[in-house]
Amino acid sequence: MRIAALIVAAGRGTRAGDGVPKQYRPVGGIPILARTLRALAGHQDVAAVATVIHPDDKSLYNECVAGLEGLLPPVSGGATRQASVLAGLEALSSTNPTHVLIHDGARPFVDAALVSRVIDALRTHDAALPCLPVSDTLREHADGLAGDTIDRSTLVRAQTPQGFLYDAILAAHRDNQASNFTDDVALAVAAGIETYLVDGSEENIKVTAPDDFERSERFLSAQQETRTGSGFDVHRFTDGDHVTLCGVEIPHTQALLGHSDADVGLHAITDAVLGALSEGDIGDHFPPSDPQWKGTASRTFLEHAANLLAARGGRLTNVDVTLIAEAPKIGPHRETLRKSVATILNVDLGRVSIKATTTEGLGFTGRGEGIAAQAVATVSLPSSASNP
Ligand code: MG
């Protein structure tokens, strides 16, 4: 099997209100279409992904897919959904698919298990439809009055991705260009393609009306988990005239000794963020034995940890750092240090706390032999992005 996915995103989304077409609007900070594309392109059995877009949306599309890899160039859609799908199917022919999954761009919450159910059905059937039973009683109505009950046992709610033998659905679309079906299974059934039903998913909603955006936000926040990491670091004093703490050079009668710039504050925060992600520690990512990190500004390390967090779809909730030293005095520099950390992490100042303490003359920090730092980072992460 060579499976291609065709994402249909050429609609204007007028039911969701004026402005930017709904598929380009964010839910949980990420455009709907970007979530949809990530779900399909990320499936292990999907070899190629193409998107049909409205010709006016090219710049919106390019902005939306920035950073996503492995997508075919977008295809310009036609006047109807059906014309758009045909254009997309024709464009996919260059990738020689045996099967195609046709999916609504506005269904961002499709999960890998549902995609797999459709693909599994295609191993033994020419077409597959994910669907759900109807649980509400259905009734005819007219002029504000209830009419006859409809037998719901004969009905299902159709979702996407709908899967097909590529050649069969392409031929059906070519042969039925005068008709206007609302989905591809309708066309397939009309063309005599036997379509097997598989279980859909209640989460796999089509984001259509303004209410759906609110529902999506609620759904996503329920999918987030809060994780915490801690970091601790020590560097000893050596000869010099300043120390670097949290990315800021502070004049002092000594310097801190280290392979990089010996910024204990940023090292502790970096380890805290890595810890929250279960991604090892700073030494795993930037081995001290590697000469390329000699003298490196430690913001490089923290930016790396922040990028790992972002790549997993996570956000920093807050970071709290305690610098432990007899000298230099941190108080006068505290706000500068906070701003420095907030800038490196690209978060609001209110998410960064910096505190300082002495150890009352006790221990190595008390004897003025070095500076220690401890940090706690809290992050919000999609549960599905938890690594094994
Ligand atoms: Mg260190």
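Anything mentioned here points back to the structure above.
The structure presented is a predicted model; accordingly, all values stated were derived computationally and were not measured.

Draft legend 1. Fine view of the overall build of the protein chain. Check the secondary structure of the protein chain and you find 12 helices and 19 strands. In terms of C-alpha radius of gyration, the protein chain reaches 28 Å, well past the compact-globule figure of 21 Å for 388 residues. With the C-alpha coordinates of the protein chain rotated into their principal frame, the extents come out at 85 × 50 × 40 Å. A total of 388 residues make up the protein chain; the buried ones form 45% of that total. Excluding contacts between residues fewer than 6 apart, the proportion of contacts in the protein chain whose partners are at least 24 apart in sequence is 71%.

Draft legend 2. Region of the structure containing the nonpolar core. With 41 residues, the main nonpolar core has Leu 245, Ile 269, Leu 316, Val 319, Leu 337 and Val 341 as its most contacted residues. For this core, the elements supplying multiple residues, two or more each, are strand E14 (242-245), strand E15 (248-251), helix H8 (264-276), helix H10 (299-311), strand E17 (315-324), helix H11 (334-345), strand E18 (352-357) and strand E19 (370-382). With 8 residues, H8 is the single largest residue contributor to this core. If sequence neighbours within four positions are ignored, Leu 245 has contacts with Ile 250, Leu 256, Asp 263, Val 264, Leu 323, Ile 330, Leu 337 and Ile 371. In this structure, Leu 40, Val 49, Tyr 61 and Val 110 belong to the second largest nonpolar core, which totals 26 residues.

Draft legend 3. Molecular detail of the pattern of salt bridges. Applying the stated criterion across every chain yields a total of 15 salt bridges. Note that Asp 104 and Lys 206 form a salt bridge whose closest N and O atoms lie 3.9 Å from each other. Pair noted here: Asp 104 is in strand E6 (residues 99-104) and Lys 206 is in the loop between strand E12 (195-199) and helix H7 (210-222), with a separation of 102 residues, a long-range link. Asp 104 gets classed as buried once you look at its relative accessible area, which sits at 6%. Its salt-bridge partner being Lys 355, residue Asp 320 comes within 2.9 Å of it at the nearest N-O pair. Note that Asp 320 is positioned in strand E17 and Lys 355 in strand E18, a separation of 35 residues in sequence. Each of Arg 81, Asp 104, Arg 107, Asp 184 and Lys 206 takes part in a single network of salt bridges with overlapping partners.

Draft legend 4. Representation of the coordination of the magnesium ion in the model. Distances from the magnesium ion to its protein donors, Asp 233 (OD), His 235 (NE2) and His 267 (ND1), fall within 2.2 to 2.3 Å. Coordination of the magnesium ion draws on donor residues from a single chain, spaced D-x1-H-x31-H in sequence. One end of the pair, Asp 233, is in strand E13 (residues 224-239); the other, His 267, is in helix H8, with 34 residues separating them in the sequence. Judged on exposure class, the residue Asp 233 and its partner His 267 are both buried.

Draft legend 5. Broad picture of the packing of aromatic side chains. With the rule as written, the count across this model stands at 3 aromatic pairs. Here Phe 286 and Phe 301 contribute two aromatic rings whose centre-to-centre distance is 4.5 Å and whose plane-to-plane angle is 45 degrees, an arrangement assigned as tilted. Taken together, the residues Phe 286 in the loop between helix H9 (282-285) and H10 and Phe 301 in helix H10 connect sequence positions 15 residues apart. Here Phe 286 and Phe 301 have matching classes, each one buried. Among the aromatic residues, those joined into a cluster by ring pairs are Phe 286, Trp 293 and Phe 301.

Draft legend 6. Broad picture of helix H4 (residues 112-122). Turning to H4, its buried residues are Leu 114, Val 115, Val 118, Ile 119, Ala 121 and Leu 122. For H4, the angular spread of the buried residues around the axis is 160 degrees, confining them to a single face.

Draft legend 7. Seen up close, H10. The end-to-end C-alpha separation of H10 is 18 Å, in line with the 18 Å expected for 13 residues at 1.5 Å each. What H10 keeps buried is the set Phe 301, Leu 302, Ala 305, Ala 306 and Leu 309. End-on, the buried residues of H10 take up no more than an arc of 135 degrees, which puts them together on one face. Away from its buried face by more than 90 degrees, H10 exposes Asn 307 and Ala 311. Where the residues of H10 are buried, they touch H8, H9, E17, H11 and E19. Where H10 ends, the next residue or the one after it, Gly 313, has phi of about 80 degrees, a positive value.

About the cut-offs
- Residues numbered from 1 in each chain as written.
- Predicted model: local features only at pLDDT ≥ 70, side-chain atom pairs only at ≥ 80, totals over all residues.
- Heavy atoms only, no water.
- Helix = DSSP H or I, 4+ residues; strand = E, 2+ residues; numbered from the N terminus.
- Rg over C-alpha atoms; globule rule 2.2 N^0.38 Å.
- Buried < 20%, exposed > 50% of the residue type's maximum accessible area, 1.4 Å probe, protein only.
- Contact = heavy atoms within 4.5 Å.
- Core = buried A, V, L, I, M, F, W, Y, C linked by side-chain atoms within 4.5 Å.
- Salt bridge = Lys/Arg side-chain N within 4 Å of Asp/Glu carboxyl O.
- Donors = N, O, S within 2.8 Å, 3.2 Å for Na, K, Ca; no water.
- Phe/Tyr/Trp six-rings, centres within 6.5 Å; stacked < 30°, edge-to-face > 60°.
- Arc of directions from axis to C-beta.
- Expected span 1.5 Å × (residues − 1).

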